[in-house]
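Descriptive analysis of the structure
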Amino acid sequence: MMFVVELQGQTTKGAYSFLDMTSSARVAALGNTDLSIYDSDIQLGIYNPSLINSDMHNDIVLSYVNYYADINYGMAQYGRTFNKIGSFAATVQFHSYGSMKYADEQGNVDGSTFTPSDYNIMIGWGRQLTPHWSIGANVKFAGVQFERYKTYALAADVAGSYRTDNGWMFSATARNIGYELYNNFAGDRNKLPFHLDAAVSKRLEHVPFLFSIVYENIQKWDLTYDDPLDLEGNYDPITGTKKEKSDAAKFADNLMRHIVFGGEIYIGKNLVLRAAYNYGMRQNLQTPTKKGLCGFSYGVGVNIWHFSINYSRSEMHIYGSPNYITISTNLDKFVKKSK
């Protein structure tokens, strides 16, 4: 049997790395990370549950991602608000890794196949405590199935946001707090990709522009990676001595690996352009000979009739770029029209 698992650059997040894979076209365009933007976009609550609010009542969303090779994944989401309890968002995410062939130790195949997959079922809750403060939490049940091998985990996200009178928005999020419940893989239990993030955003008053800055992975300072293949030429080929950077250069490099910059430009009421730069992704996934736009992402959103359609691309590697598409609407719009 030939067994294949997903690998992402130099990450070591294990079997549950898919919990950090973005389904939302808007989130992908703004850097594939937690955001601090308060509006009616229900998908922001997947990554920051304190953004779930009553404006998302009866929203329904479908997302599809055309990833690398035969990998495809998608998401369905629905929002509902209950008086005195808060707002909720139910989410189902599913990843399919294509058809894989069985093979013996010598590589002989018999024509039979299997399809690895993983999924995440999540209930999110958000509540506005005051005009300035909001809190939220996600509870999720995640599973992985690769042929006869299975693993399940229970996890949670918690978040809080503060909005100022002049429109500044600050958020802090702790994601993937949890524990693996079961696995029949060989070896130790899998760890979940826990991380702490902080974000700020502001929509400018006199310019149709919103900027976003996210500081990722507060829980770990050193995000650098020492490549044993030395593709960047960091070691002297004669002496084998590593070419050390100055302390200031090391500090700046590490700091920038935590920060993601993003922005939205609003063109009228029905069109928005988005772009972001993720320095850490660029450093981890670029190739020395052809760096291209690795680390950049961009997208567009349009409103047509009762639907909001968002499309984006994330330049992760010169091999190709995933395509994200999200379609959302609010069921109340159709109910009102039928009266």
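In this report, we go over the structure that sits alongside the text. Only a predicted model underlies this, so the values are computations on that prediction, with no experimental measurement involved.

**Examining unusual backbone geometry**
Even without glycine at this site, lysine 84 takes up a positive phi of about 70 degrees. Structurally, lysine 84 is set in the loop between strand S2 (72-82) and strand S3 (86-96). The class of lysine 84 is exposed, set by a relative accessible area of 81%. A positive phi angle is found at asparagine 176, which is not glycine, with a value near 60 degrees.

**Examining the nonpolar core**
Judged by nonpolar contacts, the single largest core of 23 residues is most densely connected at Tyr16, Phe18, Tyr67 and Tyr324. Listed by contribution, the elements that provide at least two residues to this core are helix H1 (25-29), strand S7 (133-146) and strand S8 (149-163). No other element matches S7, which puts 3 residues into this core. Excluding anything up to four places from it in sequence, phenylalanine 18 contacts His95, Tyr97, Asp118, Tyr119, Asn120, Ala142, Gly143 and Val144. Counting residues in hydrophobic clusters, the runner-up holds 17 residues, among them Leu30, Leu35, Tyr47 and Met75.

**A few points about the pattern of salt bridges**
The final tally for this structure, using the stated rule, is 9 salt bridges. Across the pair aspartate 39 and arginine 26 runs a salt bridge whose closest N-O atoms are separated by 2.8 Å. Taken together, the residues span a long stretch of sequence, with aspartate 39 in the loop between H1 and strand S1 (59-66) and arginine 26 in helix H1 at a distance of 13 residues. Judged by relative accessible area, which is 24%, aspartate 39 ranks as partly exposed. For arginine 26, a relative accessible area of 5% gives the class buried. A salt bridge links glutamate 264 to arginine 274, with the nearest nitrogen and oxygen atoms 2.5 Å apart.

So, how was this worked out
- Residues numbered from 1 in each chain as written.
- Predicted model: local features only at pLDDT ≥ 70, side-chain atom pairs only at ≥ 80, totals over all residues.
- Heavy atoms only, no water.
- Helix = DSSP H or I, 4+ residues; strand = E, 2+ residues; numbered from the N terminus.
- Buried < 20%, exposed > 50% of the residue type's maximum accessible area, 1.4 Å probe, protein only.
- Core = buried A, V, L, I, M, F, W, Y, C linked by side-chain atoms within 4.5 Å.
- Contact = heavy atoms within 4.5 Å.
- Salt bridge = Lys/Arg side-chain N within 4 Å of Asp/Glu carboxyl O.

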